[in-house]
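What follows is the residue order along each chain.
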Amino acid sequence: MNDVPVGSEVPASREVVARVERLAEAAEQRWHLLAESQREVGLDPESPVSPAATRGPRERARELRDHARAFLLPRARDLDAPLVVAILGPTGSGKSTLLNTLVGAPVSRTGVLRPTTRDAVAVGDTADLEHAVDGGALAGLAPDRLERHVANVLPGLVLVDAPDVDSVEHADRALADHLLEVADLGVFVTTATRYADRVPWDVLERAEQRGLGLIVVVNRMPAGTDAAAVVEDLQALLAETDLHVRDVIRVPEGAVDADGAALPPQTVEPLGHWLETLSADAAGRRALAADALAGALRGVAPLAQSVADDLEREVRLRHELVGYVQDAYADETKAMLERLFSGSFLREEIIRHWHSFVGADQVTRFFADRIGQLRGAVSALLRRGSKAPVAAVQQ
């Protein structure tokens, strides 16, 4: 799929839409086949997997299905749909505080307990929220895992506060991963002290693979020369990747408001201006959506190849298993025929049925053996008391 055009040329091609539909259909079929095979052996394909477990065929098949169903299809069919902007980052990075500041209202819960954000918190105007939730990128979320808040601040955009990408709760991490898959733009929030943590960068590898555009927000930046050193080091880390970073924005360390839910508005002014400009530019939003779709189509190729490899491996294993069963059956059939032709099988059966007929079961044979032994013992005693025939003749 590397030949998919980038930018506003994507929607002009009906072939792209048809290709995405075929990919989504193949992903659904692959998932149904895998789920059916797991149910046949008593497994639940929908059961959660431990975060420490290695991603296997089931996880890859589900990821491909979800990505095709939740993002590729809706976005390919409608590039003018509202953009989904996912706010991602590690625990305690200030994602919820940032969202509350941008919106101007405490829509996302903040606090010192971890994890704080357990569900997806979506903010947008009424029409944009309905479009995203009813048939768009957020349609696949369970209703109990999605909070909706109406705020007419950034038309054309739906901001979504995601759970921590490094959450200790597996369900929360899975939800964050899903939001990464359905986003048109990611706002990756980190801090001046945690920007090099390993787990968030592992998550960003998927953003790199699917070509997701990112705005990197470095929260709680210190004053003075330390800030420049942090930015320089972060940019060096970003330069080692193929991440599509559109901007790096610094948010200085500042006092939160009285409720502890937001920052002073001026501290997030660069990010707010970036999003306001995008909100006011319909053509720019359309171009960003097209770029996100093109990047996702290119990025889905490794995942689709992995799923295809899994399917090929399963087919090979099935053939090997069938061959093993057929060989075992053939060996047993050959052995049985040899016993039939040699007569040993029939002889053993005849003897078994004869013993059953005359009542020579184990109990009968036990008593018969004991009586024989007793008779032999009595005879020996009698012989011991009488003279030998030769001695009688000599006398």
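The structure we're discussing is the one just above.
Anyway, here's the lowdown on the structure attached to this text. (Residues numbered from 1 in each chain as written. Predicted model: local features only at pLDDT ≥ 70, side-chain atom pairs only at ≥ 80, totals over all residues. Heavy atoms only, no water.)

### Quick notes on helix H8 (residues 269–280)
The end-to-end C-alpha separation of H8 is 16 Å, in line with the 16 Å expected for twelve residues at 1.5 Å each. Every buried residue belonging to H8 is among Leu271, Gly272, Leu275, Leu278 and Ser279, and all of these are buried. Axial view of H8: buried residues confined to an arc of 130 degrees, hence all on one face. H8 presents Glu269, His273 and Ala280 as exposed residues on the side facing more than 90 degrees away from its buried surface. (Helix = DSSP H or I, 4+ residues; strand = E, 2+ residues; numbered from the N terminus. Expected span 1.5 Å × (residues − 1). Buried < 20%, exposed > 50% of the residue type's maximum accessible area, 1.4 Å probe, protein only. Arc of directions from axis to C-beta.)

### Notes on unusual backbone geometry
Note: most residues except glycine have negative phi, and most peptide bonds are trans. In the Ramachandran plot, Arg220 falls in the positive-phi region, its phi being about 55 degrees despite a non-glycine side chain. Within the fold, Arg220 resides in strand S6 (residues 213–221). Residue Arg220 is classed as partly exposed on the basis of its relative accessible area, which comes to 35%.

### Let's talk about a nonpolar patch on the surface
A cluster of nonpolar side chains, Met336, Leu337, Leu340 and Phe341, forms an exposed patch at the surface whose accessible area comes to about 420 Å². For Met336, the location among the structural elements is in helix H9 (residues 282–342). (Patch = residues over 30% accessible without salt bridge, like charges linked within 9 Å, V, L, I, M, F, W, Y side chains within 5 Å. Areas by Shrake-Rupley, 256 points an atom, 1.4 Å probe, with all protein chains shown as cover. Salt bridge = Lys/Arg side-chain N within 4 Å of Asp/Glu carboxyl O.)

### Quick look at helix H7 (residues 225–239)
Its 15 residues give H7 an end-to-end C-alpha distance of 21 Å, which sits within 8% of 21 Å, the value for a rise of 1.5 Å per residue. As for H7, its buried residues are in contact with helix H6 (198–209), S6 and strand S7 (244–252). (Contact = heavy atoms within 4.5 Å.)

### Notes on the side chain of Arg210
Relative to the elements of secondary structure, Arg210 occurs in the loop between H6 and S6. Look at Arg210: it is buried, it has no salt bridge, and the nearest opposite charge is Glu181 at 5.1 Å. Within the structure, the side chain of Arg210 is placed 2.8 Å from the backbone oxygen of Glu181, a separation counted as a polar contact. Those residues in contact with Arg210 that lie beyond four places of it in its chain are His67, Phe71, Leu180, Glu181, Val182, Ala183, Ala292, Gly295, Ala296 and Gly299. (Lys, Arg positive; Asp, Glu negative; His and termini not counted. Polar contact = N/O pair within 3.5 Å; in protein donor to acceptor, adjacent residues only side chain to side chain.)

### Description of the packing of aromatic side chains
The full count for this structure, using the stated rule, is zero aromatic pairs. Above the ring of Trp31, the side-chain terminus of Arg65 is found at 4.7 Å from the ring centroid. When the ring centre of Phe71 is taken as origin, the NZ or CZ atom of Arg210, which lies over that ring, is 4.5 Å away. (Phe/Tyr/Trp six-rings, centres within 6.5 Å; stacked < 30°, edge-to-face > 60°. Lys NZ or Arg CZ within 6 Å of the ring centre and 35° of its normal.)

### A word on the pairing of S7
Note: S6 against S7, seven bridges, orientation parallel. If you follow Val217 over to S7, its bridge partner there is Ile249. Regarding topology, H7 serves as the crossover connection from S6 to the parallel S7, and that connection is right-handed. (Pairing = 2+ DSSP bridges. Right-handed = clockwise from strand over helix to strand, strands pointing away.)

### Here's the deal with the environment of Gln38
By the element assignment, Gln38 lies in helix H1 (residues 14–40). Its relative accessible area of 18% is what places Gln38 among the buried residues. Not counting residues up to four positions away in its chain, the partners in contact with Gln38 are Leu43, Asp44, Pro45 and Arg58.

### What to know about the nonpolar core
In this structure, Leu72, Leu98, Leu99, Val187, Val217 and Leu271 are the most contacted members of the largest nonpolar core, which totals 48 residues. It is H9 that provides the largest number of residues to this core, a total of ten residues. With residues near it in sequence (within four places) discarded, Val217 still touches Leu98, Val187, Phe188, Val189, Thr190, Ile249, Val251 and Leu271. Counting residues in each nonpolar core, the second largest holds 41 residues, with Ala86, Val165, Val216 and Ala227 among its members. (Core = buried A, V, L, I, M, F, W, Y, C linked by side-chain atoms within 4.5 Å.)

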